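Below are the chains, spelled out letter by letter.
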Amino acid sequence: MRDRLLWLIHSPFALLFPILFWALVVGLAYYRNDRTLQHAGFDLAKQRGEVAFQLIQTMRHWNAIHGGVYAPLTEQTPENPWLEIPEKTITSPEGVVLTKLNPAYMTRQIAELLEGGRLEIHLTSHTLMNPNNQADPWEKRALTQLEESGDASVVEIVDDRFRYMAPLHIDQSCMPCHAKMGYEIGDMRGGLSVSFPVSYAQRLTTGLRRDSILTHLVTFVLLSVTGMIALTGLRRLLRSLQRERDDRESIIVDRTANLNKEIKRHRRSQETLTYLAHHDELTGARNRRWILAQLGYLKQEAEQCSGTLAVLMLDIDYFKHINDRYGHQKGDEVLVTFVSRLQSELRQSDQLGRYGGEEFLVLLPDTSQSDAEKIAQRLRRAIADTPFQINDEVLDVTTSIGLACLEVDASLGQDELVGRADVALYLAKQTGRNRVVCWNDEMAH
Ligand SMILES: Nc1nc2c(ncn2[C@@H]2O[C@H](COP(=O)(O)OP(=O)(O)OP(=O)(O)O)[C@@H](O)[C@H]2O)c(=O)[nH]1
């Protein structure tokens, strides 16, 4: 999820997000404002219709409360044929002929004056006295709606004209003319419609809508630019955080690698130390401490199991001469080859250790004296029979071997056992070298 979000932020299309987001938000806000403006325009137009209606209504009322008014009888103002009252037409003392204009006649004359202008009015009804006041289709529908619903007005836009219709009710002043049609006070007699072009109402809101478009456009641009700047900043911040994290990770990786190296180095030196604690560094044979400890262990085991244990002490003959003649380095290599040959002749259970200098101990567990003697001879031959090849030098090397066995005297101490092997070795040296000598009790003296 986190990775997906990061991918989204860094994708090339991410800069479109603020634009799309703010286009949606500002677009919705604009749509809502525009609807409000439309309603406001409609309300304004409706108010204009109401004002016109109220004005005409007031004039009609004024006319009615005066029982109609007289005007000179002219071609434009003939007698009202639908008015049946006494003194419909009179002559003034000065001889001017006057005819009575009741509210309906006056309204019709005003309507005629307004006809063709921006604002038009029309007095109409389902049941007409004057057939010239015939309702048009919209007016018929509006009259029916007013009758059935009892609404205060019907307002609609029809054919690019704003149309307003409000009901006219019978009052006392209407009765002289309309009583004979069966009307009673309060009845809806008809309606007065007011109409004017929609462009009038639109004119009122066009400026506001233009301002609204501009305001929303500027807001959209500012918010989108701010969003893009914020996103760019966020990308930079994330990149620098990522870099910092990578740096830290690489430091951790380096340190871990160093630590692992250090641990390996430490482990190796630990292994070396452990190896050196038990081995002779030059020849790889077990060292003196280990071989003596092993002797103690094998001796104890042999005593407990009524077994046997043979100890061989080997010493290279005239080793000093080898050193003197070929050098100490070659002497070292002779020691290494010497040990390697002995190892290849020994069993897994036999142990070989460097006792000191060119002296070595071989422990042969569960081995009788006669077997040990055979082994010792085999070892001796392994050294003497094949000359040592040390680089380009061929050296004849021999070894003398002293042998002591635990079976001879089980109560023997460890040092005594080694001592006996040493004495036997000494005798081997004394009697010509390159030989095996077994300890016997006579040697004790
Ligand atoms: N190159 C080398 N020489 C060693 C080492 N340890 C001891 N030596 C030498 O071994 C020689 C032993 O000499 P000696 O004790 O006189 O005995 P040898 O010359 O072998 O004579 P015999 O034992 O009587 O046959 C000495 O010169 C030591 O310095 C070693 O690790 N490397």
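Residues numbered from 1 in each chain as written. Predicted model: local features only at pLDDT ≥ 70, side-chain atom pairs only at ≥ 80, totals over all residues. Heavy atoms only, no water.

As annotated in an unreviewed UniProt entry, the protein chain carries the name diguanylate cyclase and is attributed to Marinobacterium iners DSM 11526. Under Cofactor (unreviewed entry), UniProt gives the following word-for-word description of the protein chain: "Mg(2+)". Under the UniProt heading Catalytic activity (unreviewed entry), the entry covering the protein chain gives this text: "2 GTP = 3',3'-c-di-GMP + 2 diphosphate". (UniProt positions renumbered as here; feature names shortened; annotations may be inferred.)

A word on the UniProt feature "transmembrane region" (unreviewed entry) in the protein chain. In the numbering used here, UniProt assigns the "transmembrane region" (unreviewed entry) feature to residues 12-31 and 213-234. For residues 12-31, the end-to-end C-alpha separation is 30 Å, with 80% helix and 0% strand making up the annotated structure. Within the segment residues 213-234, helix and strand shares are 100% and 0% respectively, and the terminal C-alpha atoms sit 31 Å apart. (Helix = DSSP H or I, 4+ residues; strand = E, 2+ residues; numbered from the N terminus.)

Before going further, it helps to examine the packing of helix α2 (residues 16-65) against helix α3 (residues 103-114). Relative to each other, α2 and α3 sit at 140 degrees, their axes nearing to 9 Å. It follows that α2 is oblique to α3 by the angle criterion. Handedness of the crossing formed by α2 with α3: right-handed. Where α2 approaches α3, its residues Ile-56, Met-59, Arg-60, Asn-63 and Ala-64 are matched on the opposing element by Pro-103, Ala-104, Met-106, Thr-107 and Ile-110. (Axes fitted to C-alpha atoms, helices over the stretch in contact; angles between N-to-C directions. Parallel < 35°, antiparallel > 145°, perpendicular 65-115°, else oblique. Left-handed = near helix turned anticlockwise from the far one by under 90°. Contact = heavy atoms within 4.5 Å.)

Quick look at the pattern of salt bridges now. Within this structure, the stated rule accounts for 15 salt bridges. The shortest N-O distance in the salt bridge between Arg-209 and Asp-34 comes to 2.8 Å. Of this pair, Arg-209 sits in helix α6 (residues 198-278) while Asp-34 sits in helix α2; the two residues are 175 residues apart in sequence, bridging distant segments of the chain. Its relative accessible area of 28% is what places Arg-209 among the partly exposed residues. Between Lys-320 and Asp-324 there is a salt bridge whose closest N-O contact spans 3.1 Å. In this pair, Lys-320 and Asp-324 both sit in helix α8 (residues 319-326), four residues apart, roughly one turn of the helix. You'll find Lys-320 and Asp-324 in the same group, each marked exposed. It is possible to trace a salt-bridge network through shared partners that takes in Asp-136, Glu-139 and Arg-163. (Salt bridge = Lys/Arg side-chain N within 4 Å of Asp/Glu carboxyl O. Buried < 20%, exposed > 50% of the residue type's maximum accessible area, 1.4 Å probe, protein only.)

Let us now look at the sheet that holds strand β3 (residues 97-101). If you walk across this open sheet you meet the three strands as β1-β3-β2, and the pairing is antiparallel. Each end of this open sheet is capped by a strand with a single partner; those strands are β1 (69-72) and β2 (89-91). Looking at each pair of strands side by side, their axes are set apart by 35 degrees on average, direction ignored. Strand direction decides the pairing type here: β1 and β3, joined by four bridges, are antiparallel. Bridging from a neighbouring strand, Pro-72 pairs with Leu-98 of β3. (Pairing = 2+ DSSP bridges.)

Lining the immediate surroundings of the ligand are 16 residues, of which Tyr-318, Phe-319, Lys-320, Asn-323 and Arg-354 lie closest. Between an oxygen atom of the ligand and a main-chain N or O atom of Lys-320, the distance comes to 2.8 Å. Within the side chain of Arg-354, a nitrogen or oxygen atom sits 2.5 Å from an oxygen atom of the ligand. Summarising the interface, the protein chains cover 67% of the accessible area of the ligand, which totals 660 Å² for the free molecule. Contributions of two or more residues to the shell around the ligand are made by β8 (309-316), α8 and α9 (328-345). By residue number, the principal contributor to the shell around the ligand is α9, which donates four residues. Of the residues contributing to the shell around the ligand, the split by class is four nonpolar, four polar and eight charged. (Near = heavy atom within 4 Å. Polar contact = N/O pair within 3.5 Å; in protein donor to acceptor, adjacent residues only side chain to side chain. Areas by Shrake-Rupley, 256 points an atom, 1.4 Å probe, with all protein chains shown as cover. Nonpolar A, V, L, I, M, F, W, Y, C, P; charged D, E, K, R; others polar.)

Within the structure shown, the criterion is met by one cavity of 30 Å³ or more. Approximately 250 Å³ is the volume attributed to the largest cavity. Taken together, 20 residues line the largest cavity, and the ones lying closest to its centre are Ala-104, Met-129, Asn-130, Asn-133 and His-178. Secondary structure elements with two or more residues in the lining of the largest cavity: α3, β4 (120-124) and α5 (175-178). At three residues, the largest contribution of residues to the lining of the largest cavity is made by α3. Among the residues making up the lining of the largest cavity, the classes are represented as ten nonpolar, eight polar and two charged. (1 Å grid on protein atoms, 1.4 Å probe; cavity = no way out; pocket = protein on both sides within 12 Å on 5 of 7 lines; lining within 4 Å. Points joined across faces, edges and corners; volume = space filled by probe spheres on them.)

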